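Given next are the chains, with one letter for each unit.
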Amino acid sequence: MPVTRKRIYTIAKELGITSKELIAKLEQMGMPGLKPANTVDAEEYSLIVNLYTEESAPTSEAPEAPPVQTAPEPSPTKQGAPRPPIVSVLGHIDHGKTTLLDAIRHTRVAAKEAGGITQGIGAYQAEIHGQRITFIDTPGHKAFTGMRARGAQATDIAVLVVAADDGVMAQTVEAINHIRAANIPMIVAINKVDKPNADVDKVMSDLAKQGLTPEEWGGDTITVPISALKGERIDELLEMILLVAEMEDIRADPNGPLEAIIIESHLSKGRGPVATVIVRDGTLHERDCIIAGSTYGRVKALIDEAGNRIHAAGPGEAVEILGLEEVPGVGTKIEVAKNLNEAKRKAEKRRAETTTPRRSRARMSVEELFLQEEEADKLQLIIKSASTGALEAMRREIEGVAADKVKIDFIHAGVGDITESDVLLAASVGGVCLIVGFGVKADAKALRLADQEGVIVLTYDIIYDLIEEIERVIRRMLGPEYEELMLGEAEVRNVFKVPAGIVAGCYVNSGKVVRGGKARVLRNEQEVHAGEIASLRRFDDDVREVQAGRECGIRLKEFNDIQVGDRIIVFTLEEVNR
């Protein structure tokens, strides 16, 4: 069968090299700008293979000496061997996430389940070409972001499912924003291409409008058309996941420090607290003493996805652990302790810290919040409104009040009430992120979660009130603006040395001199110092101020080079509205 089109990464595999190596070689040969997912036609394919073969072939002029190779230095941030990538599947509710996960499970998961019964631990591994991929089987982006809101980054790659007969929907946009906030690579699976009304081009157009230009259109977004229901092109999707994992250079050291994250937890009637854990780095062993947030325990058993008991779980593996004292929260990181006493001590210390009364950020005013965030130069917003038109107007008005020195970053914009998912997204992005609703409400669960996570939720029914609040926020972020208000001028006529420093004997020519006031020293009309008046005396008395036409002694803070003939300009700074 003649070659039609082939992807670069497929050609690299045929040549026995990595995609990176092939792309680098093709750039040297005068073929720049290629990406692993790019396709080439039959003529280009032959040219690449011939060029690479010729470049790689040894010359016959002289016997080739074996090349002296030095082992590459390991990256300081990526130690160890490649590990299975950990993947989450997100998308709109009816676009086929579950069907896709089922298709992968049935076609690519080894049939090792006890009695053929799926245990369902919330994660499983698929295998293709001898390489494994770990899928987190948790529904929706709420669980995905819930882990991140607690400081845990369980996922390496996200697969966004978009139905070819529907296109990008509201929840699709929400999922895109959650993935962007996580700052991880994304692959788009365009599902349901087998349907009569499927329109792949429309989906690609919708993606481009969201800033996700497909590679076929010259962008960077990898798209794979699939039919999860019929199991079509599932292998190609898995290959693309492995390609992205290769490009991201996902590695782990089985002998390194443990990095493991809880993705599910519950209380089992017969087994006690049970937690599903994804191991990202290191190895978790049976009998390890562990801490999970404010609870602890000794690992009594590790259960794999097939329901089998194992002795250790390495990088990329998902296991259930038994032996914790209490049910830990999703997103909690697992730590290993030397012994059970140390684990108990650390867990109890954390419990005490979390139960200490503290004022939630959610109960603060916006002004108080920005007093805590001194270096905030970016205002992150999640905006919700009752309709698309109102949402666009709200966004336009907010952009209209943006100041040059403050960047407004819309993390997510959506239609409908404020939900728990919005709160989790705000909690996960880092820095200051406000949720602002126009003509909508926040449900009770969202408000409770906002209080727990310290997220400020603002809702308005009048657009002018909303804009005034945003203006106040921007003013607070920029900090106060001051102008100088001149108080008086004094001339230095004598200089005295005292234990505290140098005192200038002065005559007040105009206005007044005040203790603690700002002072500028002029010498021959050139400024030689700007600072503050440390002390002010009249004869033997400390005084608060001295009026024009009188003499006084002035000592300046951190300045002793005062000279006769200098002029001291006294002023204060007055805050003005921006």
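None of the values given here were measured: they were computed from a predicted structure.

1. Here's the deal with the layout of surface pockets
Approximately 620 Å³ is the volume attributed to the largest pocket. Contributing to the lining of the largest pocket are 23 residues, with V173, N177, Q210, H412 and A413 lying nearest its centre. Listing elements by their share of the lining of the largest pocket, those giving two or more residues are helix 6 (170–182), helix 7 (200–209), helix 11 (388–400) and strand 21 (407–415). Per-class residue counts for the lining of the largest pocket are 11 nonpolar, 5 polar and 7 charged.

2. Some points on the environment of A292
Looking at the secondary structure, you find A292 in strand 14 (residues 289–292). When its relative accessible area of 2% is taken as the criterion, A292 is described as buried. Spatially, the C-alpha atom of A292 lies 9.2 Å from that of V327, the residues being 35 residues apart in sequence.

3. Side note on the confidence of the model for the chain
Put simply, the chain has an average pLDDT of 82, and 84% of its residues get 70 or more. In the predicted structure, residues 59–77 sits below a pLDDT of 50 and forms 2 contacts with residues beyond four places in sequence or in another chain. Low confidence marks residues 111–119, where pLDDT is under 50. Its contacts with residues over four positions away, or in another chain, come to 12 contacts.

4. Here's the deal with the pairing of strand 27 (residues 526–538)
Along any regular strand the residues' side chains alternate between the sheet's two faces. When strand 26 (residues 518–523) meets strand 27, the two strands line up antiparallel, connected through 6 bridges. Opposite K518, over in strand 27, you have E532 as the bridge partner. Here 4 bridges tie strand 27 to strand 30 (residues 551–556), and the two strands are oriented antiparallel to one another. Directly across from L536, in strand 30, lies its bridge partner I554. Pairing geometry for strand 27 and strand 28 (residues 541–542), over 2 bridges, is antiparallel. By the bridge assignment for strand 28, R537 is matched with D542. In sequence, strand 27 turns back onto strand 28 through a hairpin of 2 residues, with F539 there showing a positive phi of about 60°.

5. Observations concerning the sheet that holds strand 22 (residues 433–438)
Sheet architecture is open: 4 strands sit in the order 21-20-22-23, paired in parallel fashion. Every interior strand has two partners, whereas the edge strands, strand 21 and strand 23 (457–460), have only one. Geometrically, the sheet is characterised by an average inter-axis angle of 20° between neighbouring strands, direction not taken into account. Two elements, strand 20 (residues 378–385) and strand 22, share 6 bridges in a ladder whose sense is parallel. The partner of L381 across the bridge, within strand 22, is L434. Of the strands in this sheet, strand 20, strand 21, strand 22 and strand 23 are in contact with helix 14 (residues 463–478), which crosses strand 22 at around 165°.

6. Brief notes about unusual backbone geometry
Of note in this structure, D249 is not a glycine but carries a positive phi near 55°. For D249, the location among the structural elements is in the loop between helix 8 (234–248) and strand 10 (251–252). For D249, a relative accessible area of 24% puts it in the partly exposed group. A positive phi angle, close to 55°, is found at N524, a residue other than glycine. Relative to the helices and strands, N524 resides in the loop between strand 26 and strand 27.

7. Considerations on the sheet that holds strand 4 (residues 86–91)
Taking strand neighbours across the sheet as the criterion, the 6 strands line up as 5-6-4-7-8-9 in an open arrangement whose pairing is mixed. Two strands bound the open sheet, and with one partner strand each, they are strand 5 (123–128) and strand 9 (222–225). Ignoring strand direction, the axes of neighbouring strands in this sheet form an average angle of 30°. Two strands pair when backbone bridges link them, and strand 4 and strand 7 (residues 157–163) are joined in this way by 5 bridges, in the parallel orientation. If you follow V89 over to strand 7, its bridge partner there is V159. Docked against the sheet, helix 6 engages strand 4, strand 7 and strand 8 (186–191), running at close to 170° with respect to strand 7. The strands that helix 7 touches are strand 7, strand 8 and strand 9; relative to strand 8, the one it contacts most, it runs at about 150°.

Scoring rules and cut-offs
Residues numbered from 1 in each chain as written. Predicted model: local features only at pLDDT ≥ 70, side-chain atom pairs only at ≥ 80, totals over all residues. Heavy atoms only, no water. 1 Å grid on protein atoms, 1.4 Å probe; cavity = no way out; pocket = protein on both sides within 12 Å on 5 of 7 lines; lining within 4 Å. Points joined across faces, edges and corners; volume = space filled by probe spheres on them. Helix = DSSP H or I, 4+ residues; strand = E, 2+ residues; numbered from the N terminus. Nonpolar A, V, L, I, M, F, W, Y, C, P; charged D, E, K, R; others polar. Buried < 20%, exposed > 50% of the residue type's maximum accessible area, 1.4 Å probe, protein only. pLDDT = per-residue confidence, 0-100. Contact = heavy atoms within 4.5 Å. Pairing = 2+ DSSP bridges. Axes fitted to C-alpha atoms, helices over the stretch in contact; angles between N-to-C directions.

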